[in-house]
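Given next are the chains, with one letter for each unit.
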Amino acid sequence: ETGVTQSPTHLIKTRGQQVTLRCSSQSGHNTVSWYQQALGQGPQFIFQYYREEENGRGNFPPRFSGLQFPNYSSELNVNALELDDSALYLCASSLGGSTDNEQFFGPGTRLTVL
Amino acid sequence: GENVEQHPSTLSVQEGDSAVIKCTYSDSASNYFPWYKQELGKRPQLIIDIRSNVGEKKDQRIAVTLNKTAKHFSLHITETQPEDSAVYFCAAKNYGQNFVFGPGTRLSVLP
């Protein structure tokens, strides 16, 4: 069984730039959720993708967008980066969309916006 | 929407003592409550979870209790060890909704 992986591990961008983060779900999982974790805080839900469709969204602006591919891997895109976007971005995979199944986190991508 | 509070924010215990972390939630329809452990620079790891049809669950030195009436659930760690030092997050979820996490508790186990 393959665990959740994310790339890149670290990224440095400047204000106004765009970034794409990637996540490969755990083998057998069809759902990917993305979270933003600011320093010293709990993960905040950005959105979830289930079977290639957005399946729920948190309180994040439209410049945060995503995509899920037929193999259930996923991308998070952030446009017009702001300083406050600096955080650890975590993806988590699970099975079954919004059902109450366990979710497993990837190692995260540390994004720094200068 | 759901709101999850977690206390204390920091907790220091002596090795071998017990540690208890408590979370309260606002949505009475929430029915799944996982706990995650996050070591410095690492991913959150699921350590135990409980569903609303159960009042208590144990796994070796770790246990979780749920009080649906009071809308709170607690993590209990017995015989703490230095490797238990980490940040612990609780979360709550209602069917069809997303996970809502608490702000975390930094546990330090002193040798």
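Keep in mind the model is a prediction, meaning the values are calculated, not measured.

### Section: the overall build of chain B
Point 1. Helix and strand counts for chain B stand at 0 helices and 11 strands.
Point 2. Along chain B, helices and strands appear, N-terminal first, in the series β-β-β-β-β-β-β-β-β-β-β.
Point 3. In terms of C-alpha radius of gyration, chain B reaches 13 Å, essentially the compact-globule figure of 13 Å for 111 residues.
Point 4. Projecting the C-alpha coordinates of chain B onto the three principal axes gives extents of approximately 40 × 25 × 20 Å.
Point 5. Here chain B holds 111 residues, and the buried ones make up 46% of them.
Point 6. Restricting to contacts in chain B with at least 6 residues of sequence separation, those with at least 24 account for 53%.
Point 7. As displayed, chain B has an accessible area near 5600 Å², and 46% of this comes from carbon and sulfur atoms.
Point 8. If you average the places of the 12 positive and of the 12 negative side-chain charges in chain B, the two averages end up 6 Å apart.

### With respect to the overall build of chain A
Point 1. Helices and strands together make up the secondary structure of chain A, namely 0 helices and 11 strands.
Point 2. Starting at the N terminus and ending at the C terminus, chain A contains elements arranged as β-β-β-β-β-β-β-β-β-β-β.
Point 3. Along the three orthogonal principal directions, the C-alpha set of chain A runs to about 40 × 25 × 25 Å.
Point 4. Burial statistics for chain A: of 114 residues in total, 49% are counted as buried.
Point 5. Long-range pairs, those at least 24 residues apart, make up 54% of the contacts in chain A between residues at least 6 apart in sequence.
Point 6. Total accessible area computed for chain A in this model is approximately 5300 Å², and 48% of it derives from carbon and sulfur atoms.
Point 7. Each charge class in chain A was averaged separately, 7 positive and 10 negative side chains, and the resulting centres sit 9 Å apart.

### Details of the interface of chain A and chain B
Point 1. Each side of the interface is counted separately: chain A has 20 residues, and chain B has 20 residues.
Point 2. Across the chain A/chain B interface, buried area totals approximately 1600 Å², and carbon plus sulfur atoms make up 53% of it.
Point 3. In this structure, the connection of chain A to chain B is made through 0 salt bridges.
Point 4. Applying the counting rule to chain A against chain B returns 4 residue pairs in polar contact (both at pLDDT 80 or more).
Point 5. When residues of the side of chain A that touches chain B are traced back to their parent elements, those giving at least two are β4 (31-37), β9 (87-94) and β10 (104-105) of chain A.
Point 6. When its residues are assigned to classes, the side of chain A that touches chain B shows 9 nonpolar, 9 polar and 2 charged.

### Some points on the state of the cysteines
All names here are of chain A.
Point 1. Inspection of every chain in the model, using the stated rule, returns 2 disulfides over all chains.
Point 2. The disulfide partner of Cys23 is Cys91, and the gap between their sulfur atoms is 2.0 Å. Note on the Cys23 and Cys91 pair: the S-S dihedral is about 75 degrees, so by sign convention the disulfide is right-handed. Of this pair, Cys23 sits in strand β3 (residues 19-24) while Cys91 sits in strand β9, placing them 68 residues apart in sequence.
Point 3. Residue classification places Cys23 among the buried positions, given a relative accessible area of 2%.

### Structural notes on the environment of Ile47(B)
Residues and elements named next belong to chain B.
Point 1. For Ile47, the position within the fold is in strand β5 (residues 45-51).
Point 2. Note: C-alpha distance between Ile47 and Lys71 (24 residues apart in sequence) is 21 Å.
Point 3. Among all residues touching Ile47, those that are not within four sequence positions of it are Trp35, Tyr36, Lys37, Asp59, Ile62, Leu75 and Tyr88.

About the cut-offs
Residues numbered from 1 in each chain as written. Chains lettered and ligands numbered in written order. Predicted model: local features only at pLDDT ≥ 70, side-chain atom pairs only at ≥ 80, totals over all residues. Heavy atoms only, no water. Helix = DSSP H or I, 4+ residues; strand = E, 2+ residues; numbered from the N terminus. Rg over C-alpha atoms; globule rule 2.2 N^0.38 Å. Buried < 20%, exposed > 50% of the residue type's maximum accessible area, 1.4 Å probe, protein only. Contact = heavy atoms within 4.5 Å. Areas by Shrake-Rupley, 256 points an atom, 1.4 Å probe, with all protein chains shown as cover. Lys, Arg positive; Asp, Glu negative; His and termini not counted. Charge placed at Lys NZ, Arg CZ, Asp CG, Glu CD. Buried area = accessible area lost by both parts, 1.4 Å probe. Salt bridge = Lys/Arg side-chain N within 4 Å of Asp/Glu carboxyl O. Polar contact = N/O pair within 3.5 Å; in protein donor to acceptor, adjacent residues only side chain to side chain. Nonpolar A, V, L, I, M, F, W, Y, C, P; charged D, E, K, R; others polar. Disulfide = S-S within 2.5 Å.

The values are spatial; any link to function lies outside them.
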